[in-house]
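Fold and contact review
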Amino acid sequence: MRIGVMFEIERPFDDVMAQVAGLAEAGIETAWSSQIFSMDALTTLAVAGREVPGIHLGTAVVPTYPRHPVMLAAQALTVQAATGGRLTLGIGLSHQMVIESVFGLSFEKPARHMREYLEILMPLLSGEQAAFAGETLSAATFGPLGITAPAPDVLVAALGTVMLNIAGRMAQGTITWMTGPRTIEEHIVPTIAAAAAEAGRPAPQVGVGLPVCVTDDVAAARAAAAETFAVYGHLPSYRAMLDREGVEGPADVAIVGTAAEVAAQVRHLADIGATDFCGAPFGSAAEIRASIDTLAGLVGG
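This structure is a prediction, so every number in the text was calculated from the model and none was measured.

**Brief notes about the side chain of His113**
- Take His113: it is sitting in helix H5 (residues 110-125).
- Look at His113 and you get buried, because its relative accessible area is 7%.
- Apart from residues no more than four positions distant in its own chain, His113 is found in contact with Thr64, Tyr65, Leu93 and Leu137.

**Quick word on the pattern of salt bridges**
- A complete count under the given rule lists seven salt bridges for this structure.
- Asp276 serves as the salt-bridge partner of Arg2, at 2.8 Å between the closest nitrogen and oxygen. Note that Arg2 is positioned in strand E1 (residues 2-6) and Asp276 in strand E12 (residues 276-281), a separation of 274 residues in sequence.
- The exposure class of Asp276 is buried, given its relative accessible area of 4%.

**Section: the environment of Ala21**
- Relative to the assigned elements, Ala21 resides in helix H1 (residues 13-26).
- On the basis of relative accessibility, which here comes to 22%, the residue Ala21 falls in the partly exposed class.
- Considered as a pair, Ala21 and Val208 are 187 residues apart in the sequence and their alpha carbons are 23 Å apart.

**Some remarks on the packing of H5 against helix H6 (residues 161-170)**
- Where H5 meets H6, the closest approach of the two axes is 10 Å, and the angle between their N-to-C directions is 10°. With respect to H6, the axis of H5 lies roughly parallel. Facing Ala111, Met114, Arg115, Leu118, Glu119 and Met122 of H5, the residues of H6 in contact are Val162, Met163, Ile166 and Met170.
- Looking at side-chain class alone, the contact of H5 with H6 contains eight nonpolar, no polar and two charged residues.

**Observations regarding the packing of helix H3 (residues 69-83) against H5**
- Relative orientation of the contacting elements H3 and H5 amounts to 35°, with a least axis distance of 9 Å. Along this stretch, H3 crosses H5, giving a crossing that reads as right-handed. Contacts between H3 and H5 involve Pro69, Val70, Leu72, Ala73, Ala76 and Leu77 from the former and Tyr117, Ile120, Leu121, Leu124 and Leu125 from the latter.
- Taken together, the residues that form the contact of H3 with H5 break down as 11 nonpolar, no polar and no charged.

**With respect to unusual backbone geometry**
- Here the residue pair Ala60 and Val61 is connected by a cis peptide bond, since its omega of 0° sits within 30 degrees of zero.
- Mapped onto the secondary structure, Val61 falls in the loop between strand E3 (56-59) and strand E4 (62-63).
- At Met178, a residue that is not glycine, the phi angle is positive and equals roughly 60°.
- Its location among the elements puts Met178 in the loop between strand E9 (173-177) and helix H7 (181-198).
- Assessed through its relative accessible area of 0%, Met178 is described here as buried.

**A closer look at the pairing of strand E10 (residues 205-214)**
- Counting buried residues along E10, 10 of its 10 residues qualify, which places the element largely inside the surrounding structure.
- Here E10 shows two buried faces, one formed by Gln205, Gly207, Gly209, Pro211 and Cys213 and the other by Val206, Val208, Leu210, Val212 and Val214.
- Here E9 runs beside E10; their pairing, made up of five bridges, is parallel. Each bridged residue has a counterpart across the sheet, and for Ile175 the counterpart in E10 is Gly207.
- In this fold, E9 hands off to H7, which returns the chain to E10; that crossover is right-handed.
- As paired strands, E10 and strand E11 (residues 255-257) are joined by three bridges and run parallel to one another. Bridge assignment links Val212 to a residue of E11, and that residue is Ile255.

Definitions and limits used
Residues numbered from 1 in each chain as written. Predicted model: local features only at pLDDT ≥ 70, side-chain atom pairs only at ≥ 80, totals over all residues. Heavy atoms only, no water. Helix = DSSP H or I, 4+ residues; strand = E, 2+ residues; numbered from the N terminus. Buried < 20%, exposed > 50% of the residue type's maximum accessible area, 1.4 Å probe, protein only. Contact = heavy atoms within 4.5 Å. Salt bridge = Lys/Arg side-chain N within 4 Å of Asp/Glu carboxyl O. Axes fitted to C-alpha atoms, helices over the stretch in contact; angles between N-to-C directions. Parallel < 35°, antiparallel > 145°, perpendicular 65-115°, else oblique. Nonpolar A, V, L, I, M, F, W, Y, C, P; charged D, E, K, R; others polar. Left-handed = near helix turned anticlockwise from the far one by under 90°. Pairing = 2+ DSSP bridges. Right-handed = clockwise from strand over helix to strand, strands pointing away.

And the structure:
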């Protein structure tokens, strides 16, 4: 399992670059960035890839609705060219409240949207022609010209059965967030693996994103997680996964404990089928540092 860490982009640009450099120096394999309401994630990764050699880069995730797939293909391939092919492109629907309230777009039939989006995006990333006319998305164009770069792996933020089937059939896998180990083992992995096999595709990648805190005070860390990640307990897609896991909220799926306990919990994710781990360290500065060092110690293990 490849070990990664989510870095913050809601900071001055030089601080963001220093974070990525610090992760590389610690031995972390992948630096992951989200795309929310701050700097553009893919632009940030393009610069980070030029400044910090070696470390793999990923988005977890870029919302699809605000970017036409033709434009996202060009942007992703530009990052690939800038970084020597070190990008994993994580994409997702975002949430109804964001897409409708912030962007003023329709969130009707989100699975249809993702299916049509991938019909255009995937061939363009491979340098092929996209000729597709859907109900909400259409394109008739060749792949971006003059960009010599390999297609990045595409991971779809898929949690429900329909979206996991789409990801398994059309992309390289999924990247999850706030989804506990029982749900990963009993729902995510078998559902997407079956879809990929049915479509004659290779075994899918399964990225697992969870908060992480190496600490001697588990109760305090879980209380901090409950406060820091409270919003995710109310967003419908994550709430459904927390309910499936049988837990009250985000604090219950956070990976918390001593270095040995955290390492064991992360290794368990590999045992049940995760191919990538995307840790989001939280807590005090010392706890965040200990979390990164503990995750780095799992690389190659």
